[in-house]
Amino acid sequence: MNILDYMKDHFLFLDGGMGTLLQEAGLQPGELPERWNVTHPEEIIRIQKSYYDAGSNVVLSNTFGANGLKFDDEELETLVTAAVKNAREAAQRSTGTQEKFVALDIGPLGKLLKPYGDYEFEDAVAMYSKTVRYGVAAGVDLVFIETMNDSYDTKAALLAVKENTDLPVFVSNAYGSDGKLMTGASPAAMVAMLEGMHADAIGANCSLGPDQLVGVVEEYLEYASVPVLLKPNAGLPRSENGKTVYDVFPPEFSESVGKLLEKGVRIAGGCCGTTPDYIRAVVEKSKAITPVPVTKKNLSLVSSYTHAVSFGGSPILIGERINPTGKKRFQQALRENDIDYILGEALKQQDAGVQLLDVNVGLPEIDEPAFLLRAVRELQAVTDLPLQLDTTDPVAMEAGLRAYNGKAMVNSVNGKEEVMNMIFPLVAKYGGFVVALTLDEGGIPDSAEERVAIAEKIIKKAEEYGIDRKDLIFDPLAMTISADTTAALATMQAVHRIRHDLKVNTSLGISNVSFGLPSRNIITSTFFALCLQDGLSAAIMNPYSQEMMNVYHAFRALHNMDENCMDYITYAQNLPAPTAAPAAGTAPSGPATSSGESSEGPSSELQKAIVRGLKEKTGSLTKAMLAEKKPLEIIQSEVIPALNIVGADFEKKKVYLPQLLMAAEAAKSAFEEVKVAMASSEDGNEGSSRCAFVIATVHGDIHDIGKNIVKLILENYGFAVSDLGKDVPEQTVVDEVVRLHAPVVGLSALMTTTVPAMEETIKLLREQAPWAKVCVGGAVLTQEYADAIGADRYCRDAMETVRYAEEIDESLKNG
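Residues numbered from 1 in each chain as written. Predicted model: local features only at pLDDT ≥ 70, side-chain atom pairs only at ≥ 80, totals over all residues. Heavy atoms only, no water.

Comments concerning the overall build of the chain
The secondary structure content of the chain amounts to 30 helices and 25 strands. On C-alpha atoms alone, the chain measures out to a radius of gyration of 28 Å, which is about the 28 Å that the 2.2 N^0.38 rule sets for 815 residues. Along the first, second and third principal axes, the C-alpha set of the chain runs to 85 × 75 × 50 Å. Long-range pairs, those at least 24 residues apart, make up 76% of the contacts in the chain with a sequence separation of at least 6. For the chain, the accessible surface area stands at approximately 30700 Å², while carbon and sulfur atoms represent 50% of it. Both charge centroids of the chain, one from 74 positive and one from 111 negative side chains, sit 1 Å from each other. (Helix = DSSP H or I, 4+ residues; strand = E, 2+ residues; numbered from the N terminus. Rg over C-alpha atoms; globule rule 2.2 N^0.38 Å. Contact = heavy atoms within 4.5 Å. Areas by Shrake-Rupley, 256 points an atom, 1.4 Å probe, with all protein chains shown as cover. Lys, Arg positive; Asp, Glu negative; His and termini not counted. Charge placed at Lys NZ, Arg CZ, Asp CG, Glu CD.)

Some details on the packing of aromatic side chains
Applying the stated rule across the entire model yields ten aromatic pairs. Ring plane angle 55 degrees and centroid distance 6.2 Å describe the contact between Y6 and F101, whose orientation is recorded as tilted. Residue Y6 is found in helix 1 (residues 3-7), and its partner F101 is found in strand 3 (residues 101-106); the two are separated by 95 residues along the sequence. Comparing Y6 with F101, the two get one shared label, buried. One Lys or Arg, R329, reaches over the ring of Y341 and ends 4.2 Å from the middle of that ring. One Lys or Arg, K653, reaches over the ring of F650 and ends 5.7 Å from the middle of that ring. (Phe/Tyr/Trp six-rings, centres within 6.5 Å; stacked < 30°, edge-to-face > 60°. Buried < 20%, exposed > 50% of the residue type's maximum accessible area, 1.4 Å probe, protein only. Lys NZ or Arg CZ within 6 Å of the ring centre and 35° of its normal.)

Details of helix 14 (residues 368-382)
Between its terminal C-alpha atoms helix 14 stretches 21 Å, which fits the 21 Å expected from 15 residues at 1.5 Å a residue. Of the residues making up helix 14, those classed as buried are E368, P369, F371, L372, A375, V376, L379, Q380, A381 and V382. (Expected span 1.5 Å × (residues − 1).)

Concerning the sheet that holds strand 2 (residues 58-60)
Reading across from one edge, 1-10-7-6-5-4-3-2 is the order of the eight strands in this open sheet, with parallel pairing throughout. The open sheet is flanked by strand 1 (12-13) and strand 2, the only strands paired with a single partner. Where strand 5 (residues 169-173) and strand 6 (residues 201-205) come together, four bridges link them in parallel fashion. By the bridge assignment, V171 is partnered in strand 6 with I202. (Pairing = 2+ DSSP bridges.)

Describing helix 28 (residues 755-768)
Taking 1.5 Å as the rise per residue, helix 28 with 14 residues should run 20 Å; its terminal C-alpha atoms sit 20 Å apart, in good agreement. Residues of helix 28 that are buried make contact with helix 2 (19-24), strand 8 (237-240), helix 27 (730-740), strand 23 (744-748), strand 24 (773-777) and helix 29 (783-788).

Section: the pattern of salt bridges
Per the stated rule, a full pass over the model turns up 52 salt bridges. Residue K617 pairs with E605 through a salt bridge whose shortest N-O separation is 4.0 Å. Remark: E605 occurs in helix 22 (residues 605-612) and K617 occurs in helix 23 (residues 615-625); sequence separation between them is twelve residues. The shortest N-O distance in the salt bridge between E800 and R796 comes to 2.6 Å. According to the relative accessible area criterion, E800 is partly exposed, its value standing at 21%. It is possible to trace a salt-bridge network through shared partners that takes in E651, R690, R803, E806, D809 and K813. (Salt bridge = Lys/Arg side-chain N within 4 Å of Asp/Glu carboxyl O.)

Things to note about the side chain of K111
Note that K111 resides in the loop between strand 3 and helix 6 (121-138). When sequence neighbours within four positions are dropped, the list of residues in contact with K111 reads L69, Y119, D704, I705 and K726.

Comments concerning the side chain of K707
Position of K707 relative to the elements: it lies in helix 26 (residues 705-716). On the basis of relative accessible area, K707 is assigned to the buried category, the value being 3%. What K707 contacts, discounting residues up to four positions off in sequence, is I695, A696, T697, D723, G725 and S748.

Quick word on the environment of L536
For L536, the position within the fold is in the loop between helix 19 (520-533) and strand 20 (538-541). Residues L536 and D567, 31 residues apart in the sequence, show an inter-C-alpha distance of 20 Å. With residues up to four places along the chain from it excluded, the contact list for L536 reads P315, V495, T506, S507, L508, I510, F528 and C531.

A word on a nonpolar patch on the surface
A contiguous nonpolar patch, built from M566, Y568 and I569 and spanning about 260 Å² of accessible area, is present on the exposed surface. Summarising the element assignment, I569 is placed in helix 21 (residues 566-573). (Patch = residues over 30% accessible without salt bridge, like charges linked within 9 Å, V, L, I, M, F, W, Y side chains within 5 Å.)

Quick look at the sheet that holds strand 22 (residues 720-723)
Pairing in this open sheet of five strands is parallel, and the strands run 22-21-23-24-25 from one edge to the other. Strands with a single pairing partner mark the edges of an open sheet, and in this sheet they are strand 22 and strand 25 (793-794). Where strand 21 (residues 692-697) and strand 23 come together, five bridges link them in parallel fashion. Following the sheet pairing, A696 is matched in strand 23 by L747. Running at roughly 175 degrees to strand 24, helix 30 (residues 798-813) makes contact with strand 21, strand 23, strand 24 and strand 25 of the sheet. (Axes fitted to C-alpha atoms, helices over the stretch in contact; angles between N-to-C directions.)

Structural notes on the nonpolar core
Residues I145 and F528 are the most contacted members of the largest nonpolar core, which totals 216 residues. In terms of residue count, the dominant contributor to this core is helix 25 (residues 657-679) (eleven residues). Residue contacts for F528: discarding those within four places in its chain leaves L317, I510, L536, A539, M548, V551 and Y552. In this structure, V728, M758, L764 and A769 belong to the second largest nonpolar core, which totals 29 residues. (Core = buried A, V, L, I, M, F, W, Y, C linked by side-chain atoms within 4.5 Å.)

Here we look at the packing of helix 7 (residues 151-162) against helix 8 (residues 187-196)
The N-to-C vectors of helix 7 and helix 8 enclose an angle of 20 degrees; their axes lie 11 Å apart at closest approach. In terms of orientation, helix 7 lies roughly parallel with respect to helix 8. Crossing of helix 7 against helix 8: the hand is right-handed. Here S151, T154, K155 and L158 of helix 7 lie close against helix 8, whose contacting residues are M190, M193 and L194. Considering only residue class, the contact of helix 7 with helix 8 consists of four nonpolar, two polar and one charged. (Parallel < 35°, antiparallel > 145°, perpendicular 65-115°, else oblique. Left-handed = near helix turned anticlockwise from the far one by under 90°. Nonpolar A, V, L, I, M, F, W, Y, C, P; charged D, E, K, R; others polar.)

Focus on unusual backbone geometry
Between K114 and the following residue, P115, the backbone shows a cis peptide bond with an omega angle of 10 degrees. Along the chain, P115 falls in the loop between strand 3 and helix 6. Even without being glycine, S519 reaches a positive phi, approximately 45 degrees. Within the element layout of this structure, S519 appears in the loop between strand 19 (505-509) and helix 19. A residue is classified by how much of its surface remains accessible, and S519, at 51% relative accessible area, is exposed.

A few points about the pairing of strand 7 (residues 228-231)
Taking every second residue as pointing to the same face, both faces of strand 7 are buried, with V228 and L230 on one and L229 and K231 on the other. Pairing geometry for strand 6 and strand 7, over four bridges, is parallel. Opposite A204, over in strand 7, you have L230 as the bridge partner. Remark: the strand 6/helix 9 (residues 214-223)/strand 7 crossover connection has right-handed handedness. The pairing of strand 7 with strand 10 (residues 267-268) spans two bridges and is parallel. When the sheet's bridge partners are listed, L229 is paired in strand 10 with I267. (Right-handed = clockwise from strand over helix to strand, strands pointing away.)

So, a negative patch on the surface
On the surface, D211, D247, E252, E784 and D787 cluster together into a negatively charged patch. Tracing the backbone shows D787 in helix 29. Residue classification places D787 among the partly exposed residues on the basis of a relative accessible area of 47%.

What about the environment of N62?
Considering the arrangement of structural elements, one finds N62 in the loop between strand 2 and helix 5 (73-93). A relative accessible area of 6% means that N62 is categorised as buried. Contact partners of N62, with chain neighbours within four places excluded, come to M18, L22, P33, E34, N37, I44, Q48 and A83. Within the structure, N62 has its side chain in polar contact with the backbone oxygen of P33 (distance 3.0 Å). (Polar contact = N/O pair within 3.5 Å; in protein donor to acceptor, adjacent residues only side chain to side chain.)

As structure tokens, this is what we get:
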């Protein structure tokens, strides 16, 4: 039976942990588990058979870390082929009578993708594609992408699957205790992106136990229209006599998972620390539970790499200023490749209160596909607002959609067959929320009835490509009343009918209505209010217009969309005095938004540029400041305070890892200018760096995302970091600590199978470098676990590591 058909009427049970069972079977620290597919096939078959015997429908191939970063092509194909063969053999030997399937298991590459890391998105797609092709050729039934802690890496893996097979694909992400991915994505953001790309089931695994994942699962169930899966750990790990153990046992594990099955989870299994006993207990618990039907939620979502924005409730504001039409300064920026101007416009609009940004970089004389691709990447490096990609060039649209981290808004299609046949396939592949203009081969109709008819035609065509009406938003086109005084009436009638009769969302480019008239804001803002009353879902508008923002906040307050009128009160309290209204094209001094600044705020333009992650602007401001200040004064009074602002907000969960990393990258631009100045001045030998810090990913582990993040932040705080890389033998770490007489060491591990190597490294350090303090981190670590293996400090993230290193450095200076 096809697995998707089976899931319609049944719970689907996955397997449990593999790493701890392999360790019990003799897997040594630093030994790659995937090689056991060839060297110890009977052990792999035995473990996988035990899961089938316990009731698992799906067993994952032993290929979690099987990728081209670890193995050459020949060995990779051999290992993947053997892994699938072993799982098939386990299914055949099993005494279980349930339906059985074999999934190709794909784990993360362990690389942080650009712009936050140094690994190219397309390289990640290519790397995942190799594993997918070998697995499909070996005969798997589905692909299971799991333990992904970054939305962009998740997209790369899913795209690799979609481009290489039509098999079903399940996608599972690893969330932290804050309910977010490492790079900040919420469950709703992941639902938006993954459903848009047609994943067949989605959910969460690893990191935490079932009780700690309840909030994450509930958010999935609220937003997802596909089956939700759960594969939690057996609680939190600790070390006992050199063995990793967990604190949740099968009875309480099955009780917790059973409650989530009752709420709507349809696919369940276990991750780290779980065994066949856990799966058996869950299967038994499920026998008294009736599966909750999977229903369409009909939610219209777009997303960035951090959050989703929902259409259909409170009106959505889309900033219009990243568009060359009628904007000479913006046209100049495009021609001069002035990306900082474009980024500045994005951040000003974010501060003014928009929820999305329209991005149009089309000029006849520029390479639009290349520039849109760059604009998407650069904008997503400095703002977490979702983007609306605005282009008539299908090549540019595909470039932008492919690179976009999240589910973008697509502007646009219309009723022309040629246009729909170009754009809808892109949306079906990459996901998107599509702006549909109510025009066709006959042009723009005069009447509302004709525009509604075009909307109906577009809905039917979209369905042919698997695009639901929830992913369409219709623009009935605002025409200027200076040319036709009935134009606004037709548009408003169309807005009302499309929203209420067809029950889809609507959007307008508001400012078109007043073109050619004096005091345009009077007409534009009044038209905006009338359209909102008719059901307008979103507006592409100028957020610098106080009149428009007045209408927006008043409408929300009057329609019970603003709890206790708090947004309106905050907005009104920050309005400029009537005699000091902002000039057109300047941002009003409205309330601050979540643009990445601390509540304390940067005190200079340089600090602001660093906090915002503006690399080029940071470099130019630093260079200019060096004419007035000494190099180290700039570091101490500008760069470090700016990093502290972002660091403090990161610790308070006001900003997330991408903002922290981009601020660090901007700070590097300042450091580079300072280094140049110091090399050519009398201050060249002034000052000294902080203490040495040796850092490594332990033997057997190639996942170096966390380690690289810590390195970057430490370097920006002035520490002399010796980065030994990944898969570092224990003695190599010790030798480097001894060579540098380093007072502090940082060790990282992602997998439970490599924690013993971390423990062994610490033992050797105690023997040969007893002065060194050891901090540890990684997805499988906890404070209790760190204590058990002899570490001095468990650091949850990069900023905790910085604070600990600062403590040690300060103690050394104080003697």
